[in-house]
Amino acid sequence: ENGTTSISGGSAVTMDTDESGTVMSLSGAQEMLIEATTTTGLLKKMMVSSKVEGFSKMDQMGTVEIPTTIDSTITYEITQE
């Protein structure tokens, strides 16, 4: 519509890290919306939203698991053409 093409999608997300004595094990979902110029295919806007939940552990805390949630929305947008 109006020279813009949109693509959207979703996916399952898993984040497992083990760095510098900190472990994170998270899973959840991610949604994405991309808008591009129809004539050139160049990106105009991209929005990525995700929510993952799970736990974090630190070596200093032994076996204690800390409930962890990351809820994020990131928007990339061309402001000048």
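Definitions and limits used
Residues numbered from 1 in each chain as written. Predicted model: local features only at pLDDT ≥ 70, side-chain atom pairs only at ≥ 80, totals over all residues. Heavy atoms only, no water. Pairing = 2+ DSSP bridges. Helix = DSSP H or I, 4+ residues; strand = E, 2+ residues; numbered from the N terminus. Buried < 20%, exposed > 50% of the residue type's maximum accessible area, 1.4 Å probe, protein only. Polar contact = N/O pair within 3.5 Å; in protein donor to acceptor, adjacent residues only side chain to side chain. Contact = heavy atoms within 4.5 Å.

Asks: What's the story with the pairing of strand β2 (residues 22–37) in this structure? I'm lost.
Replies: As a general feature of sheets, a regular strand has side chains that alternate between the two faces. Where strand β1 (residues 4–19) meets β2, 16 bridges bridge the pair, whose relative direction is antiparallel. In the strand pairing of β2, isoleucine 7 is matched with isoleucine 34. Joining the antiparallel neighbours β1 and β2 is a turn of two residues, in which serine 20 adopts a positive phi near 50°. In the sheet, β2 pairs with strand β3 (residues 43–58) via 15 bridges, with the strands oriented antiparallel. Across the sheet, threonine 22 pairs through a bridge with methionine 58, a residue of β3. Here β2 hands over to β3 after five residues, with glycine 41 in that stretch at a positive phi of 80°.

Asks: Would you mind showing me how to read the side chain of serine 56 here?
Replies: Tracing the backbone through its elements, the reader meets serine 56 in strand β3. Judged by its relative accessible area of 11%, serine 56 falls in the buried class. Within the structure, the side chain of serine 56 is placed 2.8 Å from the side chain of threonine 68, a separation counted as a polar contact. With near-sequence residues (within four places) excluded, serine 56 lies in contact with Val23, Met24, Val64, Glu65, Ile66 and Thr68.

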